[in-house]
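Fold and geometry: a report
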Amino acid sequence: MTPVAERPAISETDGLARAAARRRLDALWKRGREFLGTELAIMGGAMTWVSERHLVAAISNGGGFGVIACGSMNPRQLDAEIAGTLALTSKPFGVNLITLHPQLAELIDVCLERRVGHVVLAGALPNGGSIARIKAGGTKLLCFAPALSIAKKLVRMGADAIVIEGMEAGGHIGPVSTGVLAQEILPHLREVPVFVAGGIGRGEAIVSYLEMGASGVQLGTRFVCAHESIAHPRFKQAFIRAGARDAVPSVQLDPRFPVIPVRALANQGTQRFLETQRQVIERFNRGELSQKEAQLEIEHFWAGALRRAVIEGDVESGSVMAGQSVGMVRSEQSTKEILDELVGQAVDALVARDAAAVPEGERVRAEG
């Protein structure tokens, strides 16, 4: 990001144009800002091991909306993480809970006791009991929806907002791209705010989804290399060096043994996973393993691999989960710089559009 002192001077006309564009941006994501209680309708994606108190607080303090990734935390660990975040920010933030967690009810209770304003349920379709528990506590509920029919069902069940995430995202992904999901859902779901996620790395993309009807966006990959992120330096360097094509989904070799698709940077671990699948399938075919035993061996391959990569810096054999927007991560920046850059790009896009819409003669007269 260009230091303020080195930027070219902005004329009065340009200043007025940018101020008008910023007002329009604020109007475009007004619903999302009001729902989140933030200056910017930019949510931080919940990334296990990465989205902890330091990054979450930095996103919220920068005007966005940080989200704690509960992942496999137990209730005591989540309580400590929420307390740690509250010590670092007085701004709104949320907690992402996995619906398949065996202690989901207790985790919800922790969020309610800590007066967390927003809970995000991710993973599988949440049950009515979990939704009722959250709603009874007065907390706002966001749910992920991979299709319009599911989004409408979740709204009927009580979801206060929907997040749609395309396959360009990092980590566990669905089969549909962000652009297609946005076209399928945004024109037809107006009852609640909708936040778009997956592959978003610049402000121009944010504007395009807002103009399609989104109330805000969610970004994860862009924040991995924030100064406030505790990710290992080698993990961050892997992001900085990578291009969009390096972030690939995991491959399933045999439909008899499903592999939940995960998008991550290709490395030695990726190749070993393919070889492990081949060996396990051969052993199953020879009758050495039952189908359940074979499935478990395949599923356990990546156990602990994300932590090894994020915390220990094992980017060769660990799981370096990243979205395709990793190609737009060029350097380590502060969280505030990243947020300011995104907003600046969004404003630039709106200014450029306005300038293109004004005939040259009228522009000259206005500037004269």
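Residues numbered from 1 in each chain as written. Predicted model: local features only at pLDDT ≥ 70, side-chain atom pairs only at ≥ 80, totals over all residues. Heavy atoms only, no water.

Describing the overall build of the protein chain
Looking only at helices and strands, the protein chain has 15 helices and 11 strands in total. Relative to the 2.2 N^0.38 estimate, which gives 21 Å for 368 residues, the radius of gyration of the protein chain is 22 Å and therefore close to what a compact globule would have. Principal-axis analysis of the C-alpha atoms gives the protein chain an extent of 85 × 45 × 40 Å. Within the protein chain, the proportion of its 368 residues that are buried is 48%. For the protein chain, the proportion of contacts with a sequence separation of at least 24, taken over those separated by at least 6, is 65%. (Helix = DSSP H or I, 4+ residues; strand = E, 2+ residues; numbered from the N terminus. Rg over C-alpha atoms; globule rule 2.2 N^0.38 Å. Buried < 20%, exposed > 50% of the residue type's maximum accessible area, 1.4 Å probe, protein only. Contact = heavy atoms within 4.5 Å.)

Observations concerning the sheet that holds strand β10 (residues 247-249)
As summarised here, the arrangement of the 3 strands in space is β7-β11-β10, forming an open sheet in which the pairing is antiparallel. One side of each edge strand has no neighbouring strand; the edge strands of this open sheet are β7 (171-172) and β10. (Pairing = 2+ DSSP bridges.)

Points about helix α1 (residues 12-28)
With 17 residues, α1 extends 24 Å between its outermost C-alpha atoms, agreeing within 8% with the 24 Å of an ideal straight helix rising 1.5 Å per residue. Those residues of α1 not exposed but buried are A21, L25 and D26. Taken down its axis, α1 places every buried residue within 140 degrees of arc, on the same side. The exposed residues of α1 that point more than 90 degrees off its buried face are E12, L16, R23 and A27. (Expected span 1.5 Å × (residues − 1). Arc of directions from axis to C-beta.)

A closer look at the pairing of strand β8 (residues 194-197)
With burial as the criterion, each face of β8 is covered, one bearing V194 and V196 and the other bearing F195 and A197. The sheet contact formed by strand β6 (residues 161-165) and β8 spans 4 bridges and is parallel. In the sheet register, I162 faces β8, and the bridge partner there is V194. Of the strand pairs in this sheet, β8 and strand β9 (residues 216-219) are connected by 3 bridges, and their pairing is parallel. Its bridge partner lying in β9, A197 is registered against Q218.

Brief notes about the packing of aromatic side chains
This model, assessed by the stated rule, comprises 6 aromatic pairs. Ring geometry for F235 and F239: centres 5.1 Å apart, planes at 35 degrees, overall tilted. One end of the pair is F235 and the other is F239, both in helix α10 (residues 233-241) and 4 residues apart, which spans about a single turn. For the pair F235 and F239, a shared accessibility class is recorded, and that class is buried. Between the aromatic rings of F257 and F284, the centroid separation amounts to 5.1 Å while the plane-to-plane angle is 80 degrees, which identifies the pairing as edge-to-face. (Phe/Tyr/Trp six-rings, centres within 6.5 Å; stacked < 30°, edge-to-face > 60°.)

A few points about the pairing of β9
A regular strand places its side chains on the two faces of the sheet in alternate fashion. Where burial is concerned, the two faces of β9 agree: the one with G216 and Q218 and the one with V217 and L219 are both buried. Here strand β1 (residues 42-44) pairs with β9 via 3 bridges, running parallel. Bridging across to β9, M43 finds its partner in Q218.

Points about the sheet that holds strand β3 (residues 93-98)
The strand order across the open sheet formed by 8 strands is β1-β9-β8-β6-β5-β4-β3-β2, and the pairing between neighbours is parallel. Each end of this open sheet is capped by a strand with a single partner; those strands are β1 and β2 (66-69). For this sheet, the mean angle separating the axes of adjacent strands, direction not counted, is 25 degrees. (Axes fitted to C-alpha atoms, helices over the stretch in contact; angles between N-to-C directions.)

What about the environment of A305?
Locating A305 in the fold gives a position in helix α13 (residues 305-310). Take A305: its relative accessible area is 0%, and that puts it in the buried class. Considered as a pair, A305 and I131 are 174 residues apart in the sequence and their alpha carbons are 31 Å apart. Discounting chain neighbours no more than four positions away, the residues touching A305 are G318 and S319.

Some thoughts on the pattern of salt bridges
On inspection of all chains with the given rule, the structure shows 20 salt bridges. With a shortest N-O distance of 2.6 Å, K30 and E34 are connected by a salt bridge. You can see K30 and its partner E34 sitting in helix α2 (residues 30-36), 4 residues apart, about one turn around the helix. Assessed through its relative accessible area of 52%, E34 is described here as exposed. Residue E81 is joined to R53 by a salt bridge in which the shortest nitrogen-to-oxygen separation is 3.0 Å. (Salt bridge = Lys/Arg side-chain N within 4 Å of Asp/Glu carboxyl O.)

The quantities given are spatial measurements derived from coordinates; they are silent on function.
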